[in-house]
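Each chain is listed here by its residues.
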Amino acid sequence: MTKDGRIFDSKEFHSYAALVFFTTGDLTTLGTDGKPPMSAKGKQNLLDAIKGGMGFVGAHSASDTFHTQPDPPDRSNRYIAHGDKEDPYLQMLGAEFIVHGSTPRLQDAPLIVNDAKFPGLEGVAVAGQLQRRVYSLKDFVPDVHVILTLDTHGMKGECYQRASYPVTWARMHGKGRVFYTAMGDRRRAGKTSFS
């Protein structure tokens, strides 16, 4: 695990078979931890490596990374569908985080299993409910293979007053396999690291 964004410009980077991101924000800017950020070339190296066959796993806040610009402090741009103008990282991932409900902070999140044959879900017909802070997502690329869907019926908060939507999926990005799950909220968010 590393928080050093220079890894994406190194020769070592291309020796990895897959990456796991539990990140947030614009990784090309210096964060509050003072660790070296990813360069613009490093970001392109990441996208090229995945397209070339490197695997990618995004957990929870990985969809809250590299928001389509501009991303003003009031987050007003996050409710706009950007389509093919969405940030290339988010196009690779499959969707973009909008916001999560704040009241109540944690609530039951009923999940629908869309693919009970996906590895790890074999034989699971009903996912049930998790008590969590759930992400609202947008701009889904058309080729996501949906694994789990959030059933928004009965959820509290304006961001959930919409049709049910995917929260776990897989997709191909060129030759690279991409997996993302919105699950994984933790009590102390805001840390950035690359693994």
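Residues numbered from 1 in each chain as written. Predicted model: local features only at pLDDT ≥ 70, side-chain atom pairs only at ≥ 80, totals over all residues. Heavy atoms only, no water.

A few words now on the overall build of the chain. Helix and strand content of the chain: two helices and nine strands. Going from the N terminus to the C terminus, the chain shows its helices and strands as β-α-β-α-β-β-β-β-β-β-β. For the chain, with 195 residues in total, the buried portion stands at 45%. (Helix = DSSP H or I, 4+ residues; strand = E, 2+ residues; numbered from the N terminus. Buried < 20%, exposed > 50% of the residue type's maximum accessible area, 1.4 Å probe, protein only.)

For any two aromatic rings, the description comes down to two numbers: the centre-to-centre distance and the angle of the planes. Within the structure shown, the criterion is met by ten aromatic pairs. Each ring, one from Phe140 and one from Trp169, has its centre 5.6 Å from the other, and the planes form 80°; the classification is edge-to-face. With Phe140 in the loop between strand S6 (135-138) and strand S7 (145-150) and Trp169 in strand S8 (residues 165-173), the pair connects residues that are 29 residues apart, well separated along the chain. Look at Trp169 and you get buried, because its relative accessible area is 0%. Sitting above the plane of the Phe66 ring, Lys43 keeps its charged end 3.9 Å from the centroid. Seen from the ring of Tyr165, Arg162 lies directly overhead, with NZ or CZ sitting 3.9 Å from the centre. (Phe/Tyr/Trp six-rings, centres within 6.5 Å; stacked < 30°, edge-to-face > 60°. Lys NZ or Arg CZ within 6 Å of the ring centre and 35° of its normal.)

As enumerated under the stated definition, the model contains seven salt bridges in all. Arg6 serves as the salt-bridge partner of Asp4, at 2.7 Å between the closest nitrogen and oxygen. Put simply, Asp64 and Arg78 hold a salt bridge, and the shortest N to O gap is 3.8 Å. On the criterion of sequence distance, the pair formed by Asp64 in the loop between strand S2 (55-59) and helix H2 (88-93) and Arg78 in the loop between S2 and H2 is long-range, its members being 14 residues apart. Judged by relative accessible area, Asp64 falls into the buried class, the value being 12%. Residue Arg78 is classed as buried on the basis of its relative accessible area, which comes to 7%. Linked by salt bridges that have partners in common, Asp64, Asp71 and Arg78 make up one network. (Salt bridge = Lys/Arg side-chain N within 4 Å of Asp/Glu carboxyl O.)

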